Amino acid sequence: GAAPPQRPMGKECAHYLSLSEIERADDVRFHAPLLQACAAERASLCADFPAGASQVLSCLLRHRTHRDTSPRCAARLLEHQQRRMADFRLDPTLTAACADDIVALCPDAPLGKGAVIACLIRKEAEVAAKPCAHEVHQLAAAATSDVRLNAPLYEACAPHV
């Protein structure tokens, strides 16, 4: 028989799912599809990092375009990176490095859709914290090198890209 129709997710449920995703953002073990798709890359390119270390995910993301990264893994990493670029809270390193600069420079930027990261990139010269400046510079380079990582631009231009 046919599956029963799914009910739309309520706001409260969506809120708690979002909080859960933020809490586990830096542990690759909580990203099963990514971990499965990138098992070989984890073993060959990122074996130096212990399971659960945030460096595993960072390592995999750094190797997204590496010649030894399979298309399946690269696609999963791109999806993950797009989500991070859309919501800075999914990037624990950026969140920690830029907390004060986000409050100072982007207090009115709405959450989601890449508004906070777009604001930081626009105001890169004004970023006060050195670790934040480093993270923002890396994000700007990524957004420049691949339009899919520039959330506001990609959303506006997706039908044409």
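Refer to the structure presented above.
Computed from a predicted model, the values in this text were never measured in an experiment. (Residues numbered from 1 in each chain as written. Predicted model: local features only at pLDDT ≥ 70, side-chain atom pairs only at ≥ 80, totals over all residues. Heavy atoms only, no water.)

1. Structural notes on the state of the cysteines
Right, on to step 1. On inspection of all chains with the given rule, the structure shows four disulfides.
Right, on to step 2. The disulfide bridge from Cys 38 ends at Cys 73, spanning 2.1 Å between sulfur atoms. Judged by the sign of its S-S torsion, about 105°, the cystine formed by Cys 38 and Cys 73 is right-handed. Pair noted here: Cys 38 is in the loop between α2 (32-37) and α3 (39-45) and Cys 73 is in helix α5 (residues 71-86), with a separation of 35 residues, a long-range link. Per residue, the accessibility class of Cys 38 equals that of Cys 73, and both read buried. (Disulfide = S-S within 2.5 Å. Helix = DSSP H or I, 4+ residues; strand = E, 2+ residues; numbered from the N terminus. Buried < 20%, exposed > 50% of the residue type's maximum accessible area, 1.4 Å probe, protein only.)

2. Quick word on the pattern of salt bridges
Pairing between side chains of opposite charge can happen when the charged atoms of each approach one another.
Right, on to step 1. For the structure on display, the rule yields five salt bridges.
Right, on to step 2. The salt bridge partner of Asp 146 is Arg 64, with a shortest N-O separation of 3.5 Å. Of this pair, Asp 146 sits in the loop between α8 (130-145) and α9 (151-157) while Arg 64 sits in the loop between α4 (54-62) and α5, placing them 82 residues apart in sequence. Pair check on accessibility: Asp 146 and Arg 64 agree, each one buried. (Salt bridge = Lys/Arg side-chain N within 4 Å of Asp/Glu carboxyl O.)

3. Some points on the packing of helix α6 (residues 92-105) against α8
Right, on to step 1. Between α6 and α8, the shortest axis-to-axis distance is 8 Å and the interhelical angle comes to 115°. For the pair α6 and α8, the sense of crossing is left-handed. Of the residues in α8, those touching α6 at Thr 93, Leu 94, Ala 97, Cys 98 and Asp 101 are Pro 131, Cys 132, Glu 135, Val 136 and Leu 139.
Right, on to step 2. Each residue belonging to the contact of α6 with α8 can be placed in one class, and the counts come to seven nonpolar, one polar and two charged. (Axes fitted to C-alpha atoms, helices over the stretch in contact; angles between N-to-C directions. Left-handed = near helix turned anticlockwise from the far one by under 90°. Contact = heavy atoms within 4.5 Å. Nonpolar A, V, L, I, M, F, W, Y, C, P; charged D, E, K, R; others polar.)

4. Topic: the side chain of Arg 42
Right, on to step 1. Along the polypeptide, Arg 42 turns up in helix α3.
Right, on to step 2. In this structure, Arg 42 is buried with no salt-bridge partner, the nearest side chain bearing the opposite charge being Asp 48 at 8.0 Å.
Right, on to step 3. Apart from residues no more than four positions distant in its own chain, Arg 42 is found in contact with Ala 47, Phe 49, Pro 50, Ala 51, Val 56 and Leu 60. (Lys, Arg positive; Asp, Glu negative; His and termini not counted.)

5. Section: the nonpolar core
Right, on to step 1. Among the nonpolar cores identified, the biggest contains 20 residues, and Cys 98 and Leu 120 are the most heavily contacted of them.
Right, on to step 2. Of all the elements in the fold, those that place two or more residues in this core are α5, α6, α7 (115-122) and α8.
Right, on to step 3. In this view, Cys 98 contacts Leu 120, Cys 132 and Val 136; residues no more than four positions away in its chain are not counted. (Core = buried A, V, L, I, M, F, W, Y, C linked by side-chain atoms within 4.5 Å.)

6. Points about unusual backbone geometry
Right, on to step 1. Even without being glycine, Lys 113 reaches a positive phi, approximately 60°.
Right, on to step 2. Mapped onto the secondary structure, Lys 113 falls in the loop between α6 and α7.
Right, on to step 3. Judged by relative accessible area, which is 59%, Lys 113 ranks as exposed.

7. A look at α4
The periodicity of an α-helix, 3.6 residues per turn, causes residues three or four places apart in sequence to face the same way.
Right, on to step 1. Taken residue by residue, α4 has Val 56, Leu 57, Cys 59, Leu 60 and Leu 61 as its buried positions.
Right, on to step 2. The inward-facing, buried residues of α4 contact α2, α3 and α5.

8. Regarding the environment of Leu 78
Right, on to step 1. Mapped onto the elements of the fold, Leu 78 is located in helix α5.
Right, on to step 2. Sequence separation between Leu 78 and Arg 148 is 70 residues; the distance between their C-alpha atoms is 8.3 Å.
Right, on to step 3. Apart from the residues lying within four places of it in its own chain, the contact partners of Leu 78 are Arg 64, Asp 146, Arg 148 and Leu 149.

9. Observations concerning the environment of Asp 146
Right, on to step 1. A relative accessible area of 10% places Asp 146 in the buried class.
Right, on to step 2. A sequence separation of 68 residues divides Asp 146 from Leu 78, and the C-alpha atoms of the two residues are 9.9 Å apart.
Right, on to step 3. Excluding residues that lie within four positions of it along the chain, Asp 146 makes contacts with Arg 64 and Leu 78.
Right, on to step 4. Polar contacts involving the side chain of Asp 146 include one to the side chain of Arg 148, which spans 2.7 Å. (Polar contact = N/O pair within 3.5 Å; in protein donor to acceptor, adjacent residues only side chain to side chain.)

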